[in-house]
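Structural overview
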Amino acid sequence: MKSQKLLIEIEDSIANCDVERMLEGIANLHKNSTDENTCVELVQLFSNNYTSRGADAHAYLLENIFRTYPEFAFVRFPENYFFKLAVIKGSTDFYDCYMEVMIDPFLATQTADEKKAFLDGLFKVALSLVSSFFPEYKKTIRGIDYNGPFGYYEKDSNVYLIHQQDYEYVNGVVEMYNAIIGRRDILSDLEKRVSGK
């Protein structure tokens, strides 16, 4: 099967939360690729389909990937692709999955100094990523970036009518806001873990 067709099938299985089909597609992709290239492709597919609303379902898919391919969680550590995806998207669901399924069991076998060094590596990567986003944030101004409602629904005065383009813009702002809050929570958890609290 051609690589592009296979990636489309995997992406469709991610979008539809079809675990069996996704794992079958990953197995086919992994046959002709390295761990790193497979991770890069998968993270891109998850990124394409990510919304904070569907994060819990996609975290379940990630859990299945980690249980099938545990080595993926340690590729290029501490700059692991899946960890960086969690931070970039601000997904506490992805982060919790990564930590609970892969990192916590691994750390249980390490000395206190090894644990601290390991977690410190993750913290530094997360902090670097979060810091790189701050200069990119821009104000959103109603009337310039989006418009308010243009009318009311005649059967219910509590329902506003809004253009689809404006709705999508505001929805994007909500996703960015949720990512900021998620990044804050991820950094806070990592900071507690590093300090041993």
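The structure we're discussing is the one just above.
Remember, predicted model here, so these are calculated numbers, not experimental data. (Residues numbered from 1 in each chain as written. Predicted model: local features only at pLDDT ≥ 70, side-chain atom pairs only at ≥ 80, totals over all residues. Heavy atoms only, no water.)

Describing the side chain of His58
The test is simple: Note on conventions: DSSP H or I runs of at least 4 residues are helices, E runs of at least 2 residues are strands, and numbering of each starts at the N terminus. Any residue under 20% of the maximum accessible area for its type is buried, any over 50% is exposed, and the rest in between are partly exposed; the area is computed with a 1.4 Å probe on protein chains only. What qualifies as a polar contact is a pair of N or O atoms within 3.5 Å, subject to a donor-acceptor requirement within protein and to the restriction that residues adjacent in sequence count only when both atoms come from side chains. Two residues qualify as a contact provided that any one of their heavy atoms is within 4.5 Å of a heavy atom in the partner residue.
Here His58 lies in helix 4 (residues 55–68). What makes His58 buried here is its relative accessible area of 6%. One polar contact links the side chain of His58 to the main-chain carbonyl oxygen of Ile14, over a distance of 3.1 Å. Residue contacts for His58: discarding those within four places in its chain leaves Ile14, Ala15, Cys17, Phe46, Asn49 and Phe94.

Focus on the packing of helix 7 (residues 112–133) against helix 8 (residues 164–195)
Note the cut-off: Convention adopted: a line fitted to C-alpha atoms gives each axis, helices being fitted over their contacting stretch, and angles between N-to-C directions are expressed from 0 to 180 degrees. Put simply, angles under 35 degrees are roughly parallel, angles over 145 are roughly antiparallel, angles from 65 to 115 are roughly perpendicular, and the rest are oblique. With the far helix as reference, a near helix turned anticlockwise by less than a right angle produces a left-handed crossing, and one turned clockwise produces a right-handed crossing. Gly is placed with the polar residues, together with every amino acid not listed as nonpolar (Ala, Val, Leu, Ile, Met, Phe, Trp, Tyr, Cys and Pro) or charged (Asp, Glu, Lys and Arg).
Relative to each other, helix 7 and helix 8 sit at 155°, their axes nearing to 9 Å. One element, helix 7, and the other, helix 8, form an angle in the roughly antiparallel class. Here helix 7 runs over helix 8; the crossing is left-handed. In contact with Lys116, Leu119, Asp120, Leu122, Phe123, Ala126, Leu127, Val130 and Phe133 of helix 7, helix 8 contributes Arg183, Leu187, Leu190, Glu191, Arg193 and Val194. Here the residues of the contact of helix 7 with helix 8 sort into 10 nonpolar, no polar and five charged.

Structural notes on the environment of Asp35
Examined against the element boundaries, Asp35 turns out to sit in helix 3 (residues 35–49). It is 7.3 Å that separates the C-alpha atoms of Asp35 and Val75, two residues lying 40 residues apart in sequence. Among residues more than four places away in sequence, those in contact with Asp35 are His30, Glu71, Phe72 and Val75. Here the side chain of Asp35 touches His30 through a polar contact of 2.5 Å, side chain to side chain.

Digging into a negative patch on the surface
This is how it is decided: Patch membership requires more than 30% relative accessible area and the absence of a salt bridge. Residues of like charge join within 9 Å; the nonpolar side chains Val, Leu, Ile, Met, Phe, Trp and Tyr join within 5 Å. In these tables, accessible area is a Shrake-Rupley quantity obtained with a 1.4 Å probe, and a residue counts as shielded only by the protein chains included in the view. By convention in these notes, a salt bridge is any Lys or Arg side-chain nitrogen within 4 Å of a carboxyl oxygen on Asp or Glu. The charge count includes Lys and Arg as positive and Asp and Glu as negative, but it does not include His or the ends of the chains. We put the charge of a Lys on NZ, of an Arg on CZ, of an Asp on CG and of a Glu on CD.
Among the surface-exposed residues, Asp56, Asp93, Asp96 and Glu100 lie close enough to one another that they form a single negatively charged patch. Element by element, the count of residues in the negative patch is highest for helix 6 (residues 92–107), at three residues. In this structure, Asp93 sits in helix 6. Looking at Asp93, the relative accessible area reads 31%, which means it is partly exposed.

Description of helix 3
How we decide: Here, expected helix span is obtained from the residue count minus one, scaled by 1.5 Å. To be clear, the arc concerns the directions from the helix axis to the C-beta atoms.
A rise of 1.5 Å per residue sets the reference length of helix 3, with its 15 residues, at 21 Å; its end C-alpha atoms lie 21 Å apart and thus fit the reference within 8%. All of the buried residues in helix 3 are Thr38, Cys39, Leu42, Val43, Leu45 and Phe46. Mapping the buried residues of helix 3 onto a view down its axis gives an arc of 160°, with all of them on the same face. Close packing links the buried residues of helix 3 with helix 1 (3–15), helix 2 (19–31), helix 4, helix 5 (81–89) and helix 6.

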